Every structure is written in structure tokens, then in C-alpha cells.
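Fold and geometry: a report
Now for the letters of each chain:
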Amino acid sequence: MGYCAKKNCGKVPGKVSGHSLSAGTDTLYGATRDVSCDAGWKFSGAATKIACNDYGSETYQYGRWSAVTGCIRDTCGNPSIPTGYDVTGTATTTGSSRSVACATGYEQTSAFTATITCQNDKTWTAVKGCQKVTCGAIPTVTGHVVASGGSLYQNTRAVTCTDGWEIGRAHV
């Protein structure tokens, strides 16, 4: 006469992106492994364990492990971008990237980075490498006095006339 033995599920499932399984040697019916989420992943509300079962089917000669599910990529939200940068794209999950360009009136420096990435700690890498364009020296024009000040994009300076000159009159 035969005897009854627990079904064996065999080797636990291989690595599934974003998931880790607790160690263990029991592979018989009823055995479980804890599921944890890797860095940059979070539980979606699904199961936090896998189990060796037959799932109600009499047709399985051996048991089988339940599916490894439950972890989804975490998100960084939208990045906070300082003035001078244009960022394109809508991705917000860990590991995703967005393209970066310098905004109008700004130019790249040697430190410029063309992408930012959502990191596992739910922060974006820093944007860097854009600076305001330098407009250069203001040319000297007879009859005009230009106040001192900056020469970067969007800087303004007051202009007045020297003695004997006036604003807004055309020479006839």
C-alpha cells in the first residue's frame, strides 16, 4: 500500500524585477517565502508572501509556487526645476529619466547634464550646467550715457542723454 506525502514545489521562482524573497529550504506543500520590495519599489497592496500550493487543482502531480507579485516602481513626483532649465518628459517612476535643455537666454557650461533621473530614494538627480548668456559690453554711442550694471541676459540699464542731447527727437 502506498503512503501520502506532501507535494513538492521544487525550486522557488527566480528573481523577479523589484522583488526579493526570503531564504529557506522548505519546498513542500504549505511552505512560504516572504516577499519584500527592492530599493525604488513599493508594495501595491498585493500579497507579501508566496506559497507552495496546488491551487485547488487535482491535476498537478507536484505543487507549484504562487506568483511573485506585489511590488511596483516607486515615484519621485515631478521634479522641482530652477530657472534657466527646460525639462521634457512625464516619467516619474524610479529609474526613469527626463531630458534637460537650457532655457532661452541660458547657455551650457562644461558641467551640463542632458538628463535627470528619478533615483531609488525618490529624489531626482540635480540639473546643472546652464548659466545666463553674457551679452557683452554695451557699445559707446555719442550723446548717450549708459548706467553701470550687469551684462547678463535680462539685465537692464538706464540710458540718459549727455548735455546738448535729448530723448526722442530725430535729427532733421
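Shown above is the structure to which this text applies.
Think of each chain on its own: its residues are numbered from 1, step by step along the sequence as written. For a predicted model such as this one, the threshold for reporting local features is a pLDDT of at least 70, and the threshold for listing and counting side-chain atom pairs is 80 or more; totals across whole chains, interfaces and linings nevertheless cover every residue. Note: side-chain values were computed over all heavy atoms of the structure, leaving out hydrogens and water.

Let us now look at the packing of aromatic side chains. A pair of Phe, Tyr and Trp rings is counted when the ring centres sit within 6.5 Å of each other, with Trp represented by its six-membered ring. The angle between the planes then sorts it: under 30 degrees is stacked, over 60 is edge-to-face, the rest tilted. The tally for this structure, following the rule as stated, stands at one aromatic pair. Aromatic pair Y106 and Y153: ring centres 6.2 Å apart, planes at 65 degrees, arrangement edge-to-face. Of this pair, Y106 sits in strand β9 (residues 106-108) while Y153 is found in the loop between β12 (144-146) and β13 (159-161), placing the two residues 47 residues apart along the sequence. Numbering goes from the N terminus for both helices and strands, where a helix is a DSSP run of H or I of at least four residues and a strand is a run of E of at least two.

Before going further, it helps to spend a moment on the sheet that holds strand β10 (residues 115-117). Pairing between two strands is assigned when DSSP locates at least 2 bridges connecting them. Taken together, three strands build an open sheet; the order of strands is β7-β8-β10 and the sheet is antiparallel. In this open sheet, the two edge strands, each paired with only one partner strand, are β7 (85-88) and β10. For this sheet the average axis-to-axis angle between neighbouring strands, irrespective of direction, equals 30 degrees. Here strand β8 (residues 97-102) pairs with β10 via three bridges, running antiparallel. Bridge pairing in β10 links R98 to I116. Helix axes use the C-alpha atoms of the stretch in contact, all axes being lines fitted to C-alpha atoms, and the angles between their N-to-C directions lie in the range 0 to 180 degrees.

In this section: the environment of C4. Counting through the fold element by element, C4 comes out in the segment before β1 (19-21). With relative accessibility at 82%, the residue C4 sits in the exposed group. Separated by 152 residues in the primary sequence, C4 and T156 have C-alpha atoms spaced 90 Å apart. Each residue is placed in one exposure class: buried if its accessible area under a 1.4 Å probe, protein chains only, is under 20% of its type's maximum, exposed if it is over 50%, and partly exposed if it falls in between.

Let us now look at the pattern of salt bridges. Take a side-chain nitrogen of Lys or Arg and a carboxyl oxygen of Asp or Glu: if they are within 4 Å of each other, that pair is a salt bridge. The full count for this structure, using the stated rule, is four salt bridges. Two residues, K15 and D38, come together in a salt bridge whose shortest N-O distance is 2.6 Å. Here K15, found in the segment before β1, pairs with D38, found in the loop between β2 (32-37) and β3 (41-43); they are 23 residues apart in sequence, far enough to count as distant. With a shortest N-O distance of 3.8 Å, D74 and K42 are connected by a salt bridge.

Core analysis: the largest hydrophobic core is formed by twelve residues, namely C76, Y85, V100, C102, A103, Y106, F112, I116, C118, W124, V127 and C130. Core analysis: the second largest hydrophobic core is formed by nine residues, A31, W41, C52 and W65 among them. Residues grouped as a nonpolar core are buried Ala, Val, Leu, Ile, Met, Phe, Trp, Tyr and Cys residues, joined through side-chain atoms within 4.5 Å.

Here we come to the environment of T156. Secondary-structure assignment places T156 in the loop between β12 and β13. Along the sequence, T156 and S44 sit 112 residues apart, while their C-alpha atoms lie 53 Å from each other.

Before going further, it helps to examine the state of the cysteines. Two cysteine sulfur atoms form a disulfide, by the criterion used here, when they sit within 2.5 Å. Across all of its chains, the model carries four disulfides by this definition. Across a sulfur-sulfur distance of 2.0 Å, C9 and C52 are joined as a disulfide pair. Measuring handedness by torsion sign, the sulfur bridge of C9 and C52 sits at about 95 degrees and is right-handed. Of the two residues, C9 is situated in the segment before β1 and C52 in strand β4 (residues 49-53); the sequence distance between them amounts to 43 residues. Accessibility classification places C9 together with C52 in one group, the buried group. Disulfide partner of C102: C130, at an S-S distance of 2.0 Å. Sign of the S-S torsion, about -90 degrees for the bond between C102 and C130, identifies this disulfide as left-handed. With C102 in strand β8 and C130 in strand β11 (residues 130-132), this residue pair connects regions lying 28 residues apart in the sequence. Since its relative accessible area comes to 18%, C102 is described here as buried. Given a relative accessible area of 14%, C130 falls into the buried group.

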